[in-house]
Amino acid sequence: MLRIDLLVVGKLKEDYWRRACEEYTKRLGAFAKVQILELPEARVPQNPSEAQIAAALKEEGQAILAKIAPQSFVTAMCIEGQMLSSEQLAQQIARQSVQGSGQFAFIIGGSWGLDGAVKARADLKLSMSRMTFPHQLARVMLLEQIYRACAINNHTKYHLSLIHISE
């Protein structure tokens, strides 16, 4: 069975985001052991300087790196990352499951993004879109896409049941 860790900076504040994440985590339970680790967002002043932002990113980055299992295939969610289709993500997970340990870490940074050290540790930098989304929504979208990838790899009908939007 796969092991999937979501390392996320910040907490879900609204109940509807929590319920959506719980639903996809529950569904993923058929395919993987899922763990969501919420890490604290570093505090920065109202109008932070570049140095204060860099210090916050470094602090968050160190916390993230400390939680990554050494054998994990690490995916950093970042806007400059590669965009994959659901099928390509499923192929990536299947390939790593066979070639690697079956352990995955998906990382969503805080308001200021991810520290360079986290991106350097990543085996894959992944972008959901060139658009910007709230981190709470990004977490739900990522869990849904991981679930969809597992459904594709396990030949269930879920991935066929929704509208596919192509370019």
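Since the structure is predicted, the reported quantities are computational estimates derived from the model, not experimental observations. Every chain's residues receive numbers from 1 upward, in the order its sequence appears when written. Per-residue local features are limited, in this predicted model, to residues with pLDDT of at least 70; the limit for side-chain atom pairs, both in listing and counting, is 80 or more; totals at the level of whole chains, interfaces and linings are taken over all residues. To obtain the side-chain values, all non-hydrogen atoms of the structure were used and water was disregarded.

Draft legend 1. Representation of the sheet that holds strand E1 (residues 2–9). Strand pairing requires that DSSP identify at least two bridges connecting the strands. Numbering of helices and strands starts at the N terminus; helices are DSSP runs of H or I of at least 4 residues and strands are runs of E of at least 2. If you walk across this open sheet you meet the five strands as E2-E1-E4-E3-E5, and the pairing is parallel. Two strands lie at the open edges of the sheet, namely strand E2 (32–39) and strand E5 (124–126), each paired on one side alone. When strand polarity is set aside, the average angle formed by the axes of neighbouring strands in this sheet is 25 degrees. With six bridges joining them, E1 and strand E4 (residues 103–108) adopt parallel strand pairing. Following the sheet pairing, Asp5 is matched in E4 by Ala105. Angles shown run from 0 to 180 degrees and are taken between the N-to-C directions of axes, each axis being a line fitted to C-alpha atoms and, for helices, limited to the stretch in contact.

Draft legend 2. Here's a closer look at the side chain of Ser129. Looking at where Ser129 falls in the secondary structure, it is placed in the loop between E5 and helix H5 (135–153). When a residue's accessible area, from a 1.4 Å probe over protein chains only, is under 20% of the maximum for its type it is buried; when over 50% it is exposed; and in between it is partly exposed. Since its relative accessible area comes to 13%, Ser129 is described here as buried. Polar contact is defined as a pair of N or O atoms within 3.5 Å, subject to the rule that within protein one atom must be able to donate a hydrogen and the other to accept it, and that residues adjacent in sequence are counted only when both atoms are side-chain atoms. Within the local environment of Ser129, its side chain forms a polar contact with the backbone nitrogen of Met131, the two atoms lying 2.9 Å apart. Not counting chain neighbours up to four residues away, the residues in contact with Ser129 comprise Ile79 and Met83. Note on contacts: a residue pair is in contact if any heavy atoms of the two residues lie within 4.5 Å.

Draft legend 3. Structural view of the packing of helix H1 (residues 15–28) against H5. Orientation of H1 relative to H5, taken along the N-to-C sense of each, is 15 degrees, at an axis distance of 9 Å. When the axes of H1 and H5 are compared, the pair comes out roughly parallel. Between H1 and H5 lies a crossing whose hand is left-handed. Note on element contacts: H5 touches H1 through Gln136, Leu137, Arg139, Val140, Leu143, Glu144, Ile146, Tyr147 and Cys150, opposite Trp17, Ala20, Cys21, Tyr24, Thr25, Arg27 and Leu28. Along the lines of polarity and charge, the residues of the contact of H1 with H5 split into eleven nonpolar, two polar and three charged. If an angle is under 35 degrees, it is roughly parallel; if it is over 145, roughly antiparallel; if it lies from 65 to 115, roughly perpendicular; otherwise it is oblique. The crossing is said to be left-handed when, going from far helix to near helix, the turn is anticlockwise and less than a right angle, and right-handed when the turn is clockwise. Polar here means any residue outside two lists: the nonpolar Ala, Val, Leu, Ile, Met, Phe, Trp, Tyr, Cys and Pro, and the charged Asp, Glu, Lys and Arg; Gly therefore counts as polar.

Draft legend 4. Representation of unusual backbone geometry within the structure. Located in the positive-phi region is His155, a residue other than glycine, with phi close to 55 degrees. When you line up the elements, His155 lands in the segment after H5.

Draft legend 5. Quick look at H1. What a helix should span is 1.5 Å times the count of its residues minus one. When the terminal C-alpha atoms of H1 are compared, their 20 Å separation across 14 residues agrees well with the 20 Å that a helix rising 1.5 Å per residue should span. Trp17, Cys21, Tyr24 and Leu28 are the residues of H1 that are buried. Taken end-on, H1 shows its buried residues confined to a sector of 65 degrees, consistent with a single buried face. More than 90 degrees from the buried face of H1, the exposed residues found are Glu22 and Lys26. By arc we mean the arc of the directions from the helix axis to the C-beta atoms, nothing more.

Draft legend 6. Region of interest: the layout of surface pockets. In this model, the second largest pocket occupies a volume close to 440 Å³. In the cavity and pocket records, a cavity denotes points on a 1 Å grid over the protein atoms alone where a 1.4 Å probe fits but cannot get out, a pocket denotes an open set with protein on both sides within 12 Å along at least 5 of 7 lines, and lining residues are residues with an atom within 4 Å of a point. Looking at the second largest pocket, it is lined by 21 residues, and the ones nearest its centre are Met77, Cys78, Ile79, Phe133 and His135. Elements with a contribution of two residues or more to the lining of the second largest pocket: strand E3 (73–82) and H5. Broken down by element, the lining of the second largest pocket gets its largest block of residues, four residues, from E3. Grid points are joined across faces, edges and corners, and a volume is the space filled by probe spheres set on the points.

Draft legend 7. Examining the environment of Ala42 more closely. Topologically, Ala42 is positioned in the loop between E2 and helix H2 (50–67). Take Ala42: its relative accessible area is 9%, and that puts it in the buried class.

Draft legend 8. Structural context of the pattern of salt bridges. Here, a salt bridge means any Lys or Arg side-chain nitrogen found within 4 Å of an Asp or Glu carboxyl oxygen. Inspection of every chain in the model, using the stated rule, returns ten salt bridges. Between Arg27 and Glu23 there is a salt bridge, with its nearest N and O atoms 2.9 Å apart. Residue Arg27 and its partner Glu23 are located together in helix H1, separated by four residues, close to a single helical turn. Owing to a relative accessible area of 30%, Arg27 belongs among the partly exposed residues under this scheme. Between Arg139 and Glu38 there is a salt bridge, with its nearest N and O atoms 2.9 Å apart. Pair noted here: Arg139 is in helix H5 and Glu38 is in strand E2, with a separation of 101 residues, a long-range link.

So, to be careful, I would describe these as geometric facts and stop short of saying anything about function.
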